[in-house]
Amino acid sequence: MLHGEAQNRGPLGERLDQDRQIWDDSRKNHYQSWGSSMEFTLSPEQQGVQKKAQHLAQEVKGSSARFDREAQFPREILQRWAQGGMFGLALPREYGGQGLDYVTYVLAQMELAQVCPASALILHVNHSLFGGAVAQFGTPAQKEAWLPAVARGEDYACFALT
(Lines give C-alpha, C1' and ligand atoms only; values in the text may rest on other atoms or scores of the structure.)
Protein backbone atom coordinates (compact mmCIF):
# COMPACT_ATOMS: atom_id res chain seq x y z
CA MET A 1 0.00 0.00 0.00
CA LEU A 2 1.27 3.45 -0.85
CA HIS A 3 1.05 6.19 1.75
CA GLY A 4 -2.28 7.98 1.52
CA GLU A 5 -3.76 5.32 -0.77
CA ALA A 6 -7.29 4.44 0.30
CA GLN A 7 -8.01 0.82 0.96
CA ASN A 8 -11.13 -0.86 2.16
CA ARG A 9 -9.71 -2.17 5.43
CA GLY A 10 -12.67 -1.56 7.68
CA PRO A 11 -13.14 1.12 10.38
CA LEU A 12 -9.62 0.79 11.82
CA GLY A 13 -7.97 1.11 8.42
CA GLU A 14 -10.12 4.13 7.58
CA ARG A 15 -9.20 5.72 10.89
CA LEU A 16 -5.49 5.19 10.23
CA ASP A 17 -5.84 6.75 6.78
CA GLN A 18 -7.63 9.76 8.30
CA ASP A 19 -4.93 10.13 10.95
CA ARG A 20 -2.19 9.99 8.30
CA GLN A 21 -3.96 12.68 6.29
CA ILE A 22 -4.31 14.91 9.35
CA TRP A 23 -0.61 14.40 10.09
CA ASP A 24 0.43 15.20 6.53
CA ASP A 25 -1.76 18.32 6.43
CA SER A 26 -0.42 19.59 9.75
CA ARG A 27 3.18 19.08 8.63
CA LYS A 28 2.54 20.96 5.39
CA ASN A 29 0.96 23.85 7.29
CA HIS A 30 3.65 23.90 9.96
CA TYR A 31 6.57 23.97 7.55
CA GLN A 32 4.94 26.22 5.00
CA SER A 33 7.18 29.04 3.85
CA TRP A 34 5.67 32.40 4.63
CA GLY A 35 8.04 34.32 2.40
CA SER A 36 9.73 36.06 5.30
CA SER A 37 12.09 35.15 8.09
CA MET A 38 11.79 35.54 11.84
CA GLU A 39 13.09 38.74 13.34
CA PHE A 40 15.88 38.15 15.85
CA THR A 41 16.93 41.76 16.32
CA LEU A 42 16.89 42.92 19.92
CA SER A 43 14.66 45.86 20.75
CA PRO A 44 16.30 49.10 21.91
CA GLU A 45 15.03 48.37 25.44
CA GLN A 46 16.56 44.89 25.39
CA GLN A 47 19.86 46.27 24.10
CA GLY A 48 19.83 48.92 26.82
CA VAL A 49 19.30 46.40 29.61
CA GLN A 50 22.01 44.17 28.14
CA LYS A 51 24.52 47.05 28.04
CA LYS A 52 23.61 48.08 31.58
CA ALA A 53 24.15 44.48 32.76
CA GLN A 54 27.52 44.38 30.98
CA HIS A 55 28.54 47.56 32.78
CA LEU A 56 27.32 46.33 36.17
CA ALA A 57 29.10 43.01 35.65
CA GLN A 58 32.41 44.75 34.93
CA GLU A 59 32.02 46.89 38.06
CA VAL A 60 32.07 43.81 40.29
CA LYS A 61 34.61 41.68 38.44
CA GLY A 62 37.34 42.04 41.08
CA SER A 63 34.95 41.50 43.96
CA SER A 64 33.60 38.33 42.41
CA ALA A 65 36.98 36.60 42.40
CA ARG A 66 37.65 37.70 45.98
CA PHE A 67 34.29 36.42 47.24
CA ASP A 68 34.92 33.09 45.53
CA ARG A 69 38.41 32.76 47.01
CA GLU A 70 37.23 33.67 50.49
CA ALA A 71 33.99 31.63 50.23
CA GLN A 72 31.91 34.68 51.23
CA PHE A 73 28.32 35.51 50.42
CA PRO A 74 28.44 38.16 47.63
CA ARG A 75 26.15 40.69 49.36
CA GLU A 76 28.02 43.71 47.93
CA ILE A 77 27.59 42.43 44.38
CA LEU A 78 23.91 41.72 44.88
CA GLN A 79 23.36 45.16 46.42
CA ARG A 80 25.10 46.82 43.47
CA TRP A 81 23.00 44.85 40.99
CA ALA A 82 19.85 45.71 42.94
CA GLN A 83 20.78 49.42 42.81
CA GLY A 84 21.34 48.99 39.07
CA GLY A 85 17.84 47.57 38.57
CA MET A 86 18.73 43.96 37.80
CA PHE A 87 16.31 42.47 40.34
CA GLY A 88 12.69 42.14 39.27
CA LEU A 89 13.28 42.73 35.57
CA ALA A 90 10.42 40.45 34.45
CA LEU A 91 8.31 40.61 37.61
CA PRO A 92 4.96 42.46 37.37
CA ARG A 93 5.04 46.25 37.67
CA GLU A 94 2.13 46.27 40.11
CA TYR A 95 4.36 44.47 42.62
CA GLY A 96 7.52 46.50 42.14
CA GLY A 97 9.03 44.71 39.17
CA GLN A 98 9.84 46.25 35.81
CA GLY A 99 7.41 44.11 33.82
CA LEU A 100 9.90 43.34 31.04
CA ASP A 101 9.94 40.19 28.93
CA TYR A 102 12.00 37.11 29.71
CA VAL A 103 14.32 37.65 26.75
CA THR A 104 15.43 40.89 28.40
CA TYR A 105 15.84 39.12 31.74
CA VAL A 106 17.93 36.34 30.15
CA LEU A 107 20.13 38.85 28.34
CA ALA A 108 20.91 40.49 31.68
CA GLN A 109 21.52 37.12 33.35
CA MET A 110 23.94 36.07 30.61
CA GLU A 111 26.04 39.19 31.11
CA LEU A 112 26.04 39.03 34.90
CA ALA A 113 26.79 35.30 35.04
CA GLN A 114 29.91 35.69 32.91
CA VAL A 115 31.53 37.66 35.71
CA CYS A 116 29.96 36.18 38.84
CA PRO A 117 28.00 32.96 38.31
CA ALA A 118 27.28 32.56 42.03
CA SER A 119 25.66 35.98 42.30
CA ALA A 120 23.74 35.49 39.05
CA LEU A 121 22.37 32.21 40.39
CA ILE A 122 21.24 33.89 43.62
CA LEU A 123 19.55 36.60 41.56
CA HIS A 124 17.92 33.93 39.37
CA VAL A 125 16.53 31.94 42.30
CA ASN A 126 15.27 35.18 43.82
CA HIS A 127 13.72 36.45 40.59
CA SER A 128 12.45 33.38 38.79
CA LEU A 129 12.17 30.35 41.02
CA PHE A 130 10.72 32.34 43.90
CA GLY A 131 9.47 35.61 42.42
CA GLY A 132 8.14 34.07 39.22
CA ALA A 133 6.32 31.33 41.12
CA VAL A 134 4.73 33.78 43.55
CA ALA A 135 3.80 36.15 40.70
CA GLN A 136 2.12 33.36 38.77
CA PHE A 137 0.62 31.20 41.51
CA GLY A 138 0.57 33.25 44.70
CA THR A 139 -2.47 34.79 46.32
CA PRO A 140 -2.86 38.57 46.19
CA ALA A 141 -1.77 38.73 49.84
CA GLN A 142 1.36 36.69 49.15
CA LYS A 143 2.22 38.84 46.16
CA GLU A 144 1.84 42.03 48.22
CA ALA A 145 3.85 40.61 51.11
CA TRP A 146 6.82 39.23 49.16
CA LEU A 147 7.22 40.55 45.64
CA PRO A 148 8.02 44.24 46.22
CA ALA A 149 11.07 43.55 48.42
CA VAL A 150 12.21 40.68 46.18
CA ALA A 151 11.84 42.85 43.06
CA ARG A 152 13.96 45.59 44.66
CA GLY A 153 16.63 43.13 45.79
CA GLU A 154 16.05 43.96 49.44
CA ASP A 155 15.10 40.39 50.36
CA TYR A 156 16.81 37.26 49.07
CA ALA A 157 14.32 34.49 48.61
CA CYS A 158 15.13 30.84 48.42
CA PHE A 159 14.00 27.67 46.74
CA ALA A 160 14.00 24.21 48.29
CA LEU A 161 13.66 20.98 46.39
CA THR A 162 13.33 17.69 48.16
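Up top you'll find the structure we're talking about.
Residues numbered from 1 in each chain as written. Predicted model: local features only at pLDDT ≥ 70, side-chain atom pairs only at ≥ 80, totals over all residues. Heavy atoms only, no water.

## Things to note about unusual backbone geometry
Outside of glycine, negative phi angles account for most residues, and trans bonds account for most peptide bonds. Quick reminder of the rule: The helix count covers DSSP runs of H or I at least four residues long, the strand count covers runs of E at least two residues long, and both are numbered beginning at the N terminus.
Unlike most non-glycine residues, Ala71 shows phi in positive territory, near 50°. Within the secondary structure, Ala71 sits in the loop between α3 (61-70) and α4 (75-83).

## With respect to the pattern of salt bridges
Where we set the bar: What makes a salt bridge here is a side-chain nitrogen of Lys or Arg within 4 Å of a carboxyl oxygen of Asp or Glu, nothing more.
Inspection of every chain in the model, using the stated rule, returns three salt bridges. The shortest N-O distance in the salt bridge between Arg152 and Glu154 comes to 2.8 Å.

## Notes on helix α2 (residues 44-59)
Note the following rule: To estimate how far a helix should extend, the number of its residues minus one is multiplied by 1.5 Å. Residue contacts are counted whenever heavy atoms from the two residues lie within 4.5 Å of one another.
Compared with the 22 Å implied by 1.5 Å per residue over 16 residues, the 23 Å span of α2 between its first and last C-alpha is a close match. Taken together, the buried residues of α2 touch α3, α4 and α5 (102-115).

## Some details on the side chain of Thr104
The condition is simple: Remark: exposure states derive from per-residue accessible area (1.4 Å probe, protein chains only) relative to the maximum for the residue type, with buried under 20%, exposed over 50%, and partly exposed in between.
Note that Thr104 resides in helix α5. A relative accessible area of 0% means that Thr104 is categorised as buried. In this structure Thr104 touches Gln46 and Val49, once residues within four positions along its chain are discounted.

## As for the side chain of Glu111
Heads up, the condition is: In this charge count, Lys and Arg are treated as positive and Asp and Glu as negative; neither His nor the chain ends contribute.
Within the secondary structure, Glu111 is located in helix α5. Look at Glu111: it is buried, it has no salt bridge, and the nearest opposite charge is Lys51 at 9.5 Å. Every residue in contact with Glu111, bar those within four places of it in the chain, is listed here: Gln50, Ala53, Gln54 and Ala57.

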